[in-house]
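# Observations on chain architecture
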Amino acid sequence: MDIESIKQLMQLMASCKVSELEYEAGDMRLKLRRFEAAPQTGSGALQIVQPEIVSLGEPTATSSGEPSEADYAIVKSPIVGTFYRAPAPAAEPFVSTGDYVSKGKTLCIVEAMKVMNEIESDFDGKVIKILINDAQPVEYGQPLMWIEPS
Amino acid sequence: MFCSKINLLNGCDDEPRGIQTAPLRLSLKWYDEVTSTNEVAKELMGDEVEEGTVVIAKQQTAGRGRYANEWFSPEGGLYFTVALRPRITVRHIPLLAIAVALAIADSIELSMLSTTQIKWPNDIYVSGKKVGGVLIDTSISGEKINYALAGIGVNVSRGGEEVSPLVRKRAIWLSDLVGCAPQPTELLTAILGSFTTWYQRLQVMDLNAIIDAFNRRSLLMGREIQAQTKDGIVSGKCTGISEQGALLLRNSNGDVLEVMEGTICSWS
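Below is a summary of the structure that appears in this document. (Residues numbered from 1 in each chain as written. Chains lettered and ligands numbered in written order. Predicted model: local features only at pLDDT ≥ 70, side-chain atom pairs only at ≥ 80, totals over all residues. Heavy atoms only, no water.)

## Remarks on the pattern of salt bridges
A full pass over the atoms with the stated rule returns 9 salt bridges over all chains. We note a salt bridge from Asp231 of chain B to Lys230 of chain B, for which the minimum N-O separation is 3.7 Å. Looking at Asp231 of chain B, the relative accessible area reads 63%, which means it is exposed. With a relative accessible area of 46%, Lys230 of chain B lands in the partly exposed category. It is possible to trace a salt-bridge network through shared partners that takes in Lys114 of chain A together with Lys119, Asp123 and Lys130 of chain B. (Salt bridge = Lys/Arg side-chain N within 4 Å of Asp/Glu carboxyl O. Buried < 20%, exposed > 50% of the residue type's maximum accessible area, 1.4 Å probe, protein only.)

## Brief notes about the packing of helix H4 (residues 184-203) of chain B against helix H5 (residues 207-217) of chain B
Residues and elements named next belong to chain B. Between H4 and H5, the least distance of the axes is 8 Å, while the angle of their chain directions is 130°. On the basis of their axis angle, the class for H4 and H5 is oblique. Seen from H4, the contacting residues are Trp198, Arg201 and Leu202; seen from H5, they are Ala209, Ile210 and Ala213. Broken down by class, the residue content of the contact of H4 with H5 amounts to 5 nonpolar, no polar and 1 charged. (Axes fitted to C-alpha atoms, helices over the stretch in contact; angles between N-to-C directions. Helix = DSSP H or I, 4+ residues; strand = E, 2+ residues; numbered from the N terminus. Parallel < 35°, antiparallel > 145°, perpendicular 65-115°, else oblique. Contact = heavy atoms within 4.5 Å. Nonpolar A, V, L, I, M, F, W, Y, C, P; charged D, E, K, R; others polar.)

## Focus: the pairing of strand E8 (residues 144-154) of chain B
Residues and elements named next belong to chain B. Burial of E8 is extensive: 10 of the 11 residues sit out of reach of the surface. Pairing of strand E7 (residues 129-141) with E8 involves 10 bridges; the strand directions are antiparallel. Following the sheet pairing, Gly133 is matched in E8 by Gly153. Hairpin connection, E7 to E8: the antiparallel pair is bridged by 2 residues, and Gly142 has positive phi, about 60°. (Pairing = 2+ DSSP bridges.)

## Describing the interface of chain A and chain B
On the chain B side, the residues contacting the 25 residues of chain A number 31 residues. Note on chain A versus chain B: buried area summed over both sides is about 2,500 Å², and carbon and sulfur give 58% of it. Ranking the residues of chain A by area buried against chain B places Met113, Lys114 and Met116 of chain A at the top, with a combined share of 34%. Where chain A meets chain B, there are 3 salt bridges. Two residues, Lys42 of chain B and Glu118 of chain A, come together in a salt bridge whose shortest N-O distance is 2.8 Å. Here chain A and chain B share 15 residue pairs in polar contact (both at pLDDT 80 or more) between them. At the level of elements, strand E5 (81-84), strand E7 (106-112) and strand E8 (115-120) of chain A are the ones that each hand at least two residues to the side of chain A that touches chain B. Of the residues that constitute the side of chain A that touches chain B, the class distribution is 15 nonpolar, 3 polar and 7 charged. Across 6 bridges, the pairing between E8 of chain A and E7 of chain B is parallel. Counted as the bridge partner of Val115 of chain A is Ile136 of chain B from E7 of chain B. (Buried area = accessible area lost by both parts, 1.4 Å probe. Polar contact = N/O pair within 3.5 Å; in protein donor to acceptor, adjacent residues only side chain to side chain.)

Structural data, given as C-alpha cells:
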C-alpha cells in the first residue's frame, strides 16, 4: 500500500466519522485511529483532526502463522551461563508456553559458575514463546522468552 | 529456632583500607533441622528480611549443591546461609561465590593450620579432598539483583554417620585431620568475620584483592586442566581467573581461553 492510498483511507475516515480502521492485505497490516480535538476556547468551532497512524510496519504474524517478537516483551539473559527451565532435573518447569505470569514470578534459572540465578518476570502477562532448550548455554543479552504484557 | 544478633566488623587483621561501606549487620537464626538453609532463607526473603540474616541448622534433610545435587548434611557439620542484597552488577555475581569461598578457606586454614585450597569456582579442598562447598541462589529482575543467598556447607564432623567408599575417596571431614577440629559454632564465627571483609571488598569492586587471593589459594593454578564447556572439551595451563571469575587457560598455541561456564574434568 502506498502513501496515497493511506491518505484516501484517512479522508474516508474523516468524512464518514469513523474513529478506527484496521486494514490487512497479504503481509501488510495497517491500523488507523482518529481523534476529535476538544472545542477550542472561545472559538466554538469543532476541529477535525486528521486520523493518526498508530501502527504501521512489519506484520505481527509471519505467513506461517508463527508469532514474531515485535509486540512482545523479551526476557534476556543477564549473564553468560546455562539455561534451566526447572529448579531441579525432575521438577516441573517454572513456566510453560501459554502460562499467565505475574510480575516477580520466577521464569527460569541461568546458572553461572555454581550461582543459580532465578530470573523473575518484569511484567504481568502471557508466556508466548520459550526460545531456549533446557540445559543449553546462553550468552549475555540473549533472548530467553517472549511475554505478552497484559 | 532462636535468634541472636552480632556485629562482625572487619574482624580480620588485613582490613580493607580506605573502604567506606556500611558494615554487614548479622542477625542469626538457629534451627535444629531444616530441609536446606537456602530454602528457609528464601522464604524469609519473601518477608523482606534485612541483609545479613543468617540461617543456621544443625542438620539438613535436603541439603543440595549445584542444580539440586545432594549435599550430605548430617549433624556435626556446619550448614548456614547468609542473606544478602549485593550492590554489584549481575555480571560480577560469580565473584560473590569466590568471596564466600575465600572466607571459608581463610577460616579453615586459621583453625586447623592445614593448607586450604579452592577448586574453581568455589569448592574447598584440604589434603586433596573436598571439605566444603558454596551454593549461591539469586533473584534477578532485568539487570537488578533483588537478593543473593550464600549457602555454605563445611564437613566438620560426621557425627558417627557412615559414608560410602566413593564419598570417602572424594570428601574429607575436619575431624579426620590431625589436630582438634573446631566446633561448628567457632568455625561459623570465623567464617562470618572473614566474609564481612571480603564482602566489603566486593561491594567496592576491589577486584584485584579478590583475584589475587583466589589465585594464591587456587588448586588449579599452574596446572594442566581439561574442562568440559559448551564448545566441547578445552585444555590448557591455568593462569588464574578473570575479573568476572572466569577460569583462564593458556593452550598449546599460547592463546588464553576464558571458561565462564563448564566442569573441570581433570587436572595434573
